[in-house]
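# Structure assessment
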Amino acid sequence: RLFSSEKLTQRDHSLPNPSWSKDLRLLFDQFMKKCEDSSWKRLPSYKCESSQRVQDFKTHFLDPKFMNEQTVHGQLFTRSFEDGLGFEYAMFCNDAEKRIVCLFQGGPYLQGVPGFLHGGAIATIIDATTGMTALLAGGIVMTANLNINFKRPIPLCSTVVLNSQLDKVEGRKFFVSCNIHSVDGKTLYSETTGLFIKLDPDKRLK
Ligand SMILES: CCCCC/C=C\C/C=C\C/C=C\C/C=C\CCCC(=O)SCCNC(=O)CCNC(=O)[C@H](O)C(C)(C)COP(=O)(O)OP(=O)(O)OC[C@H]1O[C@@H](n2cnc3c(N)ncnc32)[C@H](O)[C@@H]1OP(=O)(O)O
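Residues numbered from 1 in each chain as written. Predicted model: local features only at pLDDT ≥ 70, side-chain atom pairs only at ≥ 80, totals over all residues. Heavy atoms only, no water.

The name an unreviewed UniProt entry gives the protein chain is Acyl-coenzyme A thioesterase THEM4, with Galeopterus variegatus as the organism. As its UniProt record puts it under Sequence similarities (unreviewed entry), the protein chain is described as follows: "Belongs to the THEM4/THEM5 thioesterase family." (UniProt positions renumbered as here; feature names shortened; annotations may be inferred.)

The following block contains the structure:
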(Lines give C-alpha, C1' and ligand atoms only; values in the text may rest on other atoms or scores of the structure.)
Protein backbone atom coordinates (compact mmCIF):
# COMPACT_ATOMS: atom_id res chain seq x y z
CA ARG A 1 0.00 0.00 0.00
CA LEU A 2 2.72 2.39 1.14
CA PHE A 3 4.78 1.60 -1.95
CA SER A 4 1.89 2.21 -4.35
CA SER A 5 0.78 5.40 -2.58
CA GLU A 6 4.40 6.62 -2.55
CA LYS A 7 4.62 5.82 -6.28
CA LEU A 8 1.33 7.76 -6.68
CA THR A 9 2.70 10.95 -5.11
CA GLN A 10 5.80 10.79 -7.32
CA ARG A 11 3.86 10.73 -10.59
CA ASP A 12 4.79 13.76 -12.70
CA HIS A 13 1.38 15.16 -13.63
CA SER A 14 2.69 17.61 -16.19
CA LEU A 15 3.13 14.84 -18.76
CA PRO A 16 0.48 13.86 -21.33
CA ASN A 17 -2.29 11.49 -20.27
CA PRO A 18 -5.25 10.12 -22.27
CA SER A 19 -7.51 12.99 -21.11
CA TRP A 20 -5.39 15.58 -22.92
CA SER A 21 -6.96 17.22 -25.99
CA LYS A 22 -5.23 17.27 -29.38
CA ASP A 23 -4.57 20.99 -28.88
CA LEU A 24 -2.90 20.38 -25.53
CA ARG A 25 -0.71 17.61 -26.93
CA LEU A 26 0.28 19.70 -29.96
CA LEU A 27 1.24 22.68 -27.78
CA PHE A 28 3.09 20.36 -25.38
CA ASP A 29 5.11 18.91 -28.26
CA GLN A 30 5.87 22.45 -29.56
CA PHE A 31 7.21 23.49 -26.15
CA MET A 32 9.15 20.24 -25.69
CA LYS A 33 10.95 21.19 -28.94
CA LYS A 34 11.76 24.61 -27.44
CA CYS A 35 13.39 22.78 -24.53
CA GLU A 36 15.92 21.15 -26.85
CA ASP A 37 18.26 24.18 -26.78
CA SER A 38 17.57 24.55 -23.01
CA SER A 39 16.14 28.05 -23.42
CA TRP A 40 12.89 26.57 -22.10
CA LYS A 41 12.49 23.96 -19.37
CA ARG A 42 9.43 21.84 -18.56
CA LEU A 43 8.49 22.08 -14.86
CA PRO A 44 7.58 18.72 -13.29
CA SER A 45 4.50 18.73 -11.05
CA TYR A 46 3.59 16.31 -8.26
CA LYS A 47 0.61 15.81 -5.94
CA CYS A 48 2.94 16.24 -3.00
CA GLU A 49 6.11 18.24 -3.58
CA SER A 50 9.03 16.83 -1.64
CA SER A 51 11.48 19.38 -3.05
CA GLN A 52 14.10 21.18 -0.99
CA ARG A 53 12.05 24.38 -1.10
CA VAL A 54 9.10 22.60 0.51
CA GLN A 55 11.42 21.25 3.21
CA ASP A 56 12.77 24.76 3.71
CA PHE A 57 9.22 26.09 3.95
CA LYS A 58 8.32 23.52 6.61
CA THR A 59 11.55 24.15 8.56
CA HIS A 60 11.60 27.94 8.52
CA PHE A 61 8.03 29.13 8.16
CA LEU A 62 5.53 26.49 9.17
CA ASP A 63 4.49 26.57 12.81
CA PRO A 64 4.04 22.90 13.87
CA LYS A 65 0.55 23.84 15.15
CA PHE A 66 -0.59 23.82 11.50
CA MET A 67 0.47 20.19 11.02
CA ASN A 68 -1.99 17.64 12.43
CA GLU A 69 -3.43 14.24 11.44
CA GLN A 70 -5.62 15.94 8.81
CA THR A 71 -3.21 18.46 7.32
CA VAL A 72 -0.41 15.88 7.05
CA HIS A 73 -2.40 14.40 4.13
CA GLY A 74 -2.33 17.75 2.29
CA GLN A 75 -1.78 17.61 -1.46
CA LEU A 76 -1.62 20.25 -4.16
CA PHE A 77 -5.17 21.42 -4.95
CA THR A 78 -4.55 21.58 -8.70
CA ARG A 79 -3.34 17.95 -8.69
CA SER A 80 -6.24 16.59 -6.63
CA PHE A 81 -8.66 15.61 -9.38
CA GLU A 82 -8.91 12.39 -11.42
CA ASP A 83 -7.28 12.72 -14.85
CA GLY A 84 -9.18 15.08 -17.13
CA LEU A 85 -11.82 16.18 -14.61
CA GLY A 86 -9.99 19.15 -13.07
CA PHE A 87 -6.76 20.95 -13.87
CA GLU A 88 -4.76 19.41 -16.71
CA TYR A 89 -1.68 21.56 -17.28
CA ALA A 90 2.02 21.71 -18.02
CA MET A 91 4.26 24.67 -17.22
CA PHE A 92 7.41 25.65 -19.14
CA CYS A 93 9.82 28.30 -17.85
CA ASN A 94 12.28 30.56 -19.64
CA ASP A 95 14.78 31.71 -17.00
CA ALA A 96 16.40 34.37 -19.20
CA GLU A 97 13.07 36.08 -19.86
CA LYS A 98 11.70 35.38 -16.31
CA ARG A 99 8.63 33.91 -18.01
CA ILE A 100 6.39 30.91 -17.54
CA VAL A 101 3.97 29.55 -20.14
CA CYS A 102 1.26 27.27 -18.77
CA LEU A 103 -0.71 25.07 -21.20
CA PHE A 104 -4.04 24.47 -19.46
CA GLN A 105 -7.17 22.41 -20.08
CA GLY A 106 -9.93 22.92 -17.48
CA GLY A 107 -12.05 19.80 -16.98
CA PRO A 108 -15.82 19.39 -16.45
CA TYR A 109 -15.61 19.52 -12.64
CA LEU A 110 -14.38 23.14 -12.85
CA GLN A 111 -17.69 24.46 -14.16
CA GLY A 112 -19.02 27.90 -13.12
CA VAL A 113 -21.97 28.80 -15.34
CA PRO A 114 -22.95 25.85 -17.59
CA GLY A 115 -20.42 25.41 -20.38
CA PHE A 116 -17.77 27.70 -18.92
CA LEU A 117 -14.97 27.63 -16.33
CA HIS A 118 -15.61 28.85 -12.76
CA GLY A 119 -13.85 32.16 -12.02
CA GLY A 120 -12.22 30.59 -8.96
CA ALA A 121 -10.78 27.79 -11.11
CA ILE A 122 -9.34 30.38 -13.48
CA ALA A 123 -7.92 32.27 -10.48
CA THR A 124 -6.38 29.01 -9.24
CA ILE A 125 -4.43 28.23 -12.40
CA ILE A 126 -3.39 31.91 -12.62
CA ASP A 127 -2.24 31.80 -8.96
CA ALA A 128 -0.25 28.61 -9.59
CA THR A 129 1.38 30.02 -12.74
CA THR A 130 2.13 33.53 -11.43
CA GLY A 131 3.10 32.01 -8.06
CA MET A 132 5.60 29.73 -9.75
CA THR A 133 6.93 32.71 -11.75
CA ALA A 134 7.60 34.58 -8.49
CA LEU A 135 8.85 31.45 -6.75
CA LEU A 136 11.49 30.71 -9.40
CA ALA A 137 12.72 34.31 -9.06
CA GLY A 138 12.37 34.78 -5.31
CA GLY A 139 12.20 31.42 -3.57
CA ILE A 140 9.51 30.90 -0.95
CA VAL A 141 6.78 33.39 -1.74
CA MET A 142 3.10 33.77 -1.00
CA THR A 143 0.39 35.60 -2.90
CA ALA A 144 -0.43 38.98 -1.38
CA ASN A 145 -2.61 40.31 -4.18
CA LEU A 146 -4.14 38.96 -7.40
CA ASN A 147 -6.16 41.29 -9.65
CA ILE A 148 -7.92 39.49 -12.47
CA ASN A 149 -9.87 41.09 -15.31
CA PHE A 150 -12.08 38.42 -16.84
CA LYS A 151 -12.53 39.61 -20.46
CA ARG A 152 -14.19 36.57 -22.07
CA PRO A 153 -15.58 33.36 -20.54
CA ILE A 154 -13.36 30.31 -20.97
CA PRO A 155 -15.25 27.35 -22.47
CA LEU A 156 -15.22 24.27 -20.23
CA CYS A 157 -12.77 21.56 -21.45
CA SER A 158 -11.05 23.97 -23.85
CA THR A 159 -7.28 24.38 -23.99
CA VAL A 160 -5.80 27.83 -23.29
CA VAL A 161 -2.35 29.35 -22.87
CA LEU A 162 -1.24 31.37 -19.82
CA ASN A 163 1.70 33.73 -20.30
CA SER A 164 3.18 34.88 -16.98
CA GLN A 165 6.00 37.40 -16.64
CA LEU A 166 8.00 38.78 -13.70
CA ASP A 167 7.68 42.58 -14.11
CA LYS A 168 9.46 44.11 -11.11
CA VAL A 169 11.19 43.20 -7.84
CA GLU A 170 11.27 45.64 -4.92
CA GLY A 171 12.87 44.12 -1.84
CA ARG A 172 10.61 41.20 -0.88
CA LYS A 173 7.90 42.27 -3.35
CA PHE A 174 7.63 40.38 -6.67
CA PHE A 175 5.26 41.92 -9.22
CA VAL A 176 3.98 39.48 -11.83
CA SER A 177 1.53 39.87 -14.74
CA CYS A 178 -0.25 37.13 -16.64
CA ASN A 179 -2.68 36.88 -19.54
CA ILE A 180 -4.70 33.97 -20.89
CA HIS A 181 -5.19 33.52 -24.65
CA SER A 182 -6.88 30.94 -26.84
CA VAL A 183 -4.60 28.46 -28.63
CA ASP A 184 -4.84 30.48 -31.87
CA GLY A 185 -3.95 33.67 -29.94
CA LYS A 186 -7.02 35.45 -31.28
CA THR A 187 -9.04 35.56 -28.00
CA LEU A 188 -7.82 37.31 -24.86
CA TYR A 189 -9.66 35.65 -21.96
CA SER A 190 -8.12 37.43 -18.98
CA GLU A 191 -5.43 39.84 -17.76
CA THR A 192 -3.94 39.66 -14.26
CA THR A 193 -1.47 41.56 -12.13
CA GLY A 194 -0.24 39.95 -8.93
CA LEU A 195 2.00 40.73 -5.99
CA PHE A 196 3.98 37.96 -4.27
CA ILE A 197 5.94 38.45 -1.06
CA LYS A 198 9.10 36.53 -0.31
CA LEU A 199 8.59 35.18 3.20
CA ASP A 200 10.64 36.84 5.93
CA PRO A 201 12.70 34.24 7.83
CA ASP A 202 12.08 36.20 11.06
CA LYS A 203 8.30 35.85 10.74
CA ARG A 204 6.54 32.48 11.03
CA LEU A 205 3.20 32.28 9.29
CA LYS A 206 0.53 32.90 11.92
C1 LIG B 1 6.14 28.60 -1.77
C2 LIG B 1 5.54 27.52 -0.92
C3 LIG B 1 6.45 26.37 -0.59
C4 LIG B 1 7.05 25.75 -1.86
C5 LIG B 1 5.99 25.07 -2.70
C6 LIG B 1 6.72 24.42 -3.84
C7 LIG B 1 6.12 23.81 -4.80
C8 LIG B 1 4.62 23.64 -4.91
C9 LIG B 1 4.32 23.44 -6.35
C10 LIG B 1 3.48 24.20 -6.99
C11 LIG B 1 2.59 25.23 -6.32
C12 LIG B 1 2.39 26.35 -7.26
C13 LIG B 1 2.94 27.51 -7.06
C14 LIG B 1 3.75 27.79 -5.85
C15 LIG B 1 3.90 29.25 -5.72
C16 LIG B 1 3.42 29.98 -4.71
C17 LIG B 1 2.70 29.35 -3.62
C18 LIG B 1 1.23 29.46 -3.88
C19 LIG B 1 0.74 30.89 -3.73
C20 LIG B 1 -0.44 30.93 -2.83
O21 LIG B 1 -1.52 30.58 -3.23
S22 LIG B 1 -0.23 31.46 -1.21
C23 LIG B 1 -1.86 31.41 -0.56
C24 LIG B 1 -2.57 32.76 -0.61
N25 LIG B 1 -1.83 33.75 0.08
C26 LIG B 1 -1.82 33.81 1.46
O27 LIG B 1 -2.46 33.03 2.15
C28 LIG B 1 -0.93 34.86 2.07
C29 LIG B 1 -1.64 35.57 3.25
N30 LIG B 1 -0.84 36.77 3.56
C31 LIG B 1 0.27 36.67 4.34
O32 LIG B 1 0.60 35.62 4.86
C33 LIG B 1 1.11 37.91 4.48
O34 LIG B 1 0.34 39.07 4.21
C35 LIG B 1 2.32 37.89 3.52
C36 LIG B 1 3.19 36.70 3.86
C37 LIG B 1 1.86 37.84 2.07
C38 LIG B 1 3.11 39.18 3.71
O39 LIG B 1 3.36 39.30 5.06
P40 LIG B 1 4.82 39.80 5.61
O41 LIG B 1 4.64 40.12 7.05
O42 LIG B 1 5.89 38.86 5.21
O43 LIG B 1 5.12 41.11 4.75
P44 LIG B 1 4.56 42.59 5.09
O45 LIG B 1 3.14 42.58 5.53
O46 LIG B 1 5.57 43.25 5.99
O47 LIG B 1 4.61 43.27 3.62
C48 LIG B 1 5.87 43.37 2.94
C49 LIG B 1 5.69 44.43 1.87
O50 LIG B 1 4.65 44.03 0.95
C51 LIG B 1 3.61 44.99 0.97
N52 LIG B 1 2.34 44.27 0.86
C53 LIG B 1 1.95 43.19 1.56
N54 LIG B 1 0.73 42.79 1.19
C55 LIG B 1 0.33 43.67 0.22
C56 LIG B 1 -0.83 43.80 -0.58
N57 LIG B 1 -1.86 42.94 -0.46
N58 LIG B 1 -0.91 44.82 -1.45
C59 LIG B 1 0.11 45.67 -1.60
N60 LIG B 1 1.25 45.61 -0.89
C61 LIG B 1 1.35 44.63 0.03
C62 LIG B 1 3.72 45.71 2.30
O63 LIG B 1 3.15 47.00 2.20
C64 LIG B 1 5.22 45.77 2.45
O65 LIG B 1 5.68 46.75 1.54
P66 LIG B 1 6.85 47.81 2.00
O67 LIG B 1 8.04 46.91 2.35
O68 LIG B 1 7.05 48.68 0.80
O69 LIG B 1 6.29 48.48 3.21
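## A word on the sheet that holds strand β3 (residues 99-106)
Across the sheet, which stays open at both edges, the seven strands sit in the order β1-β2-β3-β5-β6-β7-β4 with antiparallel pairing between neighbours. Each of the sheet's edge strands pairs with one partner strand only, and the pair in question is β1 (41-43) and β4 (141-150). Across the sheet, the mean angle separating the axes of adjacent strands is 25° when strand polarity is ignored. Bridging between strand β2 (residues 87-94) and β3 involves eight bridges; their strand directions are antiparallel. Across the sheet, residue Y89 finds its bridge partner in β3, namely F104. Where helix α2 (residues 22-34) meets the sheet, it contacts β1, β2, β3 and β5 (159-170), and its direction lies at approximately 160° from that of β3. Where helix α4 (residues 119-138) meets the sheet, it contacts β1, β2, β3, β4, β5, β6 (173-182) and β7 (188-198), and its direction lies at approximately 135° from that of β4. (Pairing = 2+ DSSP bridges. Helix = DSSP H or I, 4+ residues; strand = E, 2+ residues; numbered from the N terminus. Axes fitted to C-alpha atoms, helices over the stretch in contact; angles between N-to-C directions. Contact = heavy atoms within 4.5 Å.)

## Focus on the nonpolar core
F104, L162 and I180 are the most contacted members of the largest nonpolar core, which totals 30 residues. Those elements that provide at least two residues to this core are β2, β3, α4, β4, β5, β6 and β7. In terms of residue count, α4 provides more of this core than any other element does, seven residues in total. Look past the residues within four positions of F104 in its chain and what remains in contact with it is L24, F87, E88, Y89, L110, L117, I125, S158, T159, V160 and L162. Core analysis: the second largest hydrophobic core is formed by twelve residues, W20, F28, F31 and C35 among them. (Core = buried A, V, L, I, M, F, W, Y, C linked by side-chain atoms within 4.5 Å. Buried < 20%, exposed > 50% of the residue type's maximum accessible area, 1.4 Å probe, protein only.)

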